[in-house]
Amino acid sequence: MSPDLLNDARSRLASARAVTVLTGVGISADSGVPTFRGTDGLWRNYRAEDLATPEAFKRDPRLVWEWYSWRRELIATKQPNDAHRAIASVESRVNDFWLITQNVDGLHRAAGSRKLSEIHGNIWMVRCTGCGTMTENYQVPLPLLPYCGQCGELLRPHIVWFGESLQEEDLTRCANQLQACDVLLVIGTSGVVYPAAGFAAIAKEAGACVIEVNLDPTPQSDLADIALRGRAKELVPLLLQAGE
Ligand code: APR
């Protein structure tokens, strides 16, 4: 990758008044979290699209909970990496900053990020299918099946599954930040799952410079003003430390 590209991206970020960051599981891959669409993402030969749906949960809640329990155990052993930390440290430096993550692993929060929307939910939150009560739950392994302490109904992961809508509040916040940002930094997402797959186009349309960091080309790469190929944990600190 040319040093000019990296320097260009650094100076765009350093001079930006408003920065929005969009992350996918590629940023957590550097902490050892399996990606969804890589070969490491399969569990017992199921794809995420086979398990992360309301239909799958209705048909076989035990199977879906087993999968989440396996993921929770795996994620519990992982730590945020330098890319998560660089993003957390930039939020106090940039005037108007927002992080949009599709990741449910909680590693951005663990790194200290507070200005963020976890648009697909959080694997450490559970929600009652009966009374809707939401609670933090860090128990690993979980009992199969877990039930609500309030009403006794089945709990489900507080995750936005395929076929479900994002929270209205998150959608509004994301739309505002995408419209307002000078730079959108897109890190480690394959860019195929909507609505997040459309976020780069929205920001670009509103005049933002789009910078992509990914190991491989994605459907968003052509749209990006600057596409950087490499590992998130190496490139993101270089990009965001520009002003320090
Ligand atoms: N550094 C940068 N990019 C990486 C790295 C790395 N170390 N490792 C992998 N990547 C890139 C891959 O090239 C790929 O483009 O991260 C991307 C991961 O893509 P996916 O596995 O499809 O994950 P993501 O884009 O986060 O998925 C979106 O789909 O399954 C649903 O709800 C789930 O939030 C998830 C959504």
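Residues numbered from 1 in each chain as written. Predicted model: local features only at pLDDT ≥ 70, side-chain atom pairs only at ≥ 80, totals over all residues. Heavy atoms only, no water.

Notes on helix 5 (residues 61–76)
Okay, step 1: End to end, helix 5 covers 22 Å across 16 residues, agreeing with the expected 22 Å (1.5 Å per residue, within 8%).
Okay, step 2: Looking only at helix 5, the buried set comprises P61, L63, V64, W65, W67, Y68, S69, R71, R72 and I75.
Okay, step 3: Where helix 5 is buried, its residues touch helix 3 (48–51), helix 4 (54–59), strand 4 (121–128) and strand 6 (155–159). (Helix = DSSP H or I, 4+ residues; strand = E, 2+ residues; numbered from the N terminus. Expected span 1.5 Å × (residues − 1). Buried < 20%, exposed > 50% of the residue type's maximum accessible area, 1.4 Å probe, protein only. Contact = heavy atoms within 4.5 Å.)

Side note on unusual backbone geometry
Glycine aside, residues mostly have negative phi angles, and peptide bonds mostly take the trans form.
Okay, step 1: Of the consecutive residues V140 and P141, the connecting peptide bond is found in the cis state with omega at -10°.
Okay, step 2: Omega for the peptide link from L144 to L145 comes to 0°, which places this bond in the cis form.
Okay, step 3: Relative to the assigned elements, L145 resides in the loop between strand 5 (134–136) and strand 6.
Okay, step 4: With a phi close to 45°, R44 is a non-glycine residue in the positive phi region.

Focus: empty space enclosed by the protein
Okay, step 1: Under the counting rule described, the total for this entry stands at 2 cavities of 30 Å³ or more.
Okay, step 2: What the largest cavity holds in volume is close to 170 Å³.
Okay, step 3: Lining of the largest cavity is provided by 14 residues; of these, V33, P34, F36, R71 and I75 occupy positions nearest its centre.
Okay, step 4: Across the lining of the largest cavity, the residue classes break down as 9 nonpolar, 3 polar and 2 charged.
Okay, step 5: In this model, the second largest cavity occupies a volume close to 40 Å³.
Okay, step 6: Around the second largest cavity, the lining residues are L22, Q102, V186, T189, G191, V193, A196, A197, A200 and Q220.
Okay, step 7: Here the lining of the second largest cavity is built from residues that sort into 6 nonpolar, 4 polar and no charged. (1 Å grid on protein atoms, 1.4 Å probe; cavity = no way out; pocket = protein on both sides within 12 Å on 5 of 7 lines; lining within 4 Å. Points joined across faces, edges and corners; volume = space filled by probe spheres on them. Nonpolar A, V, L, I, M, F, W, Y, C, P; charged D, E, K, R; others polar.)

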